Amino acid sequence: QVQLEESGGGLVQAGGSLRLSCAVSGRTFTGHGKGWFRQAPGKEREFVAAISGGYTRYTDSVKDRFTISRDDTKDTVYLQMNSLKPEDTAVYYCAARRFIGIDTKARGYDYWGQGTQVTVSS
């Protein structure tokens, strides 16, 4: 099985930056898809970013502000978040698929971390 552990969340002012990390362990493969989702109070869990091989994809609201990346030597996936806005406030979850490719739907992922809180104040 695969275990995912997020870290790096916290409280920042609007315009600030955070880098989230997702440590991946267990039986997985670097070429399989990895994603970040977020869920704010009273809202549905939504897609943020994903990576598979050399491909990346972002939801429109974070394009040009967030960057997903992967360091295979450390078995870690990152989400660099710049120019943060209050609307980015949510619990952020790391997820992994058992297959190659990008999926923007939560049901396309098989393993999930426990989440890390990101709060952006104005």
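Scroll up for the structure.
Rules and cut-offs
- Residues numbered from 1 in each chain as written.
- Predicted model: local features only at pLDDT ≥ 70, side-chain atom pairs only at ≥ 80, totals over all residues.
- Heavy atoms only, no water.
- Helix = DSSP H or I, 4+ residues; strand = E, 2+ residues; numbered from the N terminus.
- Buried < 20%, exposed > 50% of the residue type's maximum accessible area, 1.4 Å probe, protein only.
- Polar contact = N/O pair within 3.5 Å; in protein donor to acceptor, adjacent residues only side chain to side chain.
- Disulfide = S-S within 2.5 Å.
- Pairing = 2+ DSSP bridges.
- Axes fitted to C-alpha atoms, helices over the stretch in contact; angles between N-to-C directions.

A.B. asks: Give me the side chain of R38: which residues, what numbers.
C.D. replies: Note on placement: R38 falls in strand β4 (residues 32-39). Residue classification places R38 among the buried residues on the basis of a relative accessible area of 4%. A polar side-chain atom of R38 sits 3.5 Å from a polar atom in the side chain of S61. One polar contact links R38 to D88, side chain to side chain, over a distance of 3.0 Å.

A.B. asks: Describe the state of the cysteines, naming the residues involved and giving the relevant values.
C.D. replies: For the structure on display, the rule yields one disulfide. A sulfur-sulfur distance of 2.1 Å marks the disulfide that ties C22 to C94. Taking the torsion about the sulfur-sulfur bond, which here is approximately -85 degrees, the covalent link between C22 and C94 counts as left-handed. With C22 in strand β3 (residues 18-26) and C94 in strand β9 (residues 90-100), the pair connects residues that are 72 residues apart, well separated along the chain. The burial state of C22 is the same as that of C94; both residues are buried.

A.B. asks: Residue-level account of the sheet that holds β3, with values.
C.D. replies: Taking strand neighbours across the sheet as the criterion, the four strands line up as β1-β3-β8-β7 in an open arrangement whose pairing is antiparallel. Each edge of the sheet is formed by a strand with only one pairing partner; in this case those strands are β1 (2-7) and β7 (66-71). Ignoring which end each strand starts from, the neighbouring axes of this sheet average 15 degrees apart. Both β3 and strand β8 (residues 76-81) contribute to a ladder of six bridges, which runs antiparallel. Bridging across to β8, L20 finds its partner in L79.

A.B. asks: Got a sec to walk through the pairing of β7? Specific residues and values, please.
C.D. replies: Where β7 lies against β8, six bridges are found, and the strand directions are antiparallel. Its bridge partner lying in β8, R70 is registered against V77. Hairpin connection from β7 to β8: four residues lie between these consecutive antiparallel strands, with D75 at a positive phi of about 50 degrees.

Keep in mind that these numbers describe shape and distance, not what the molecule does.
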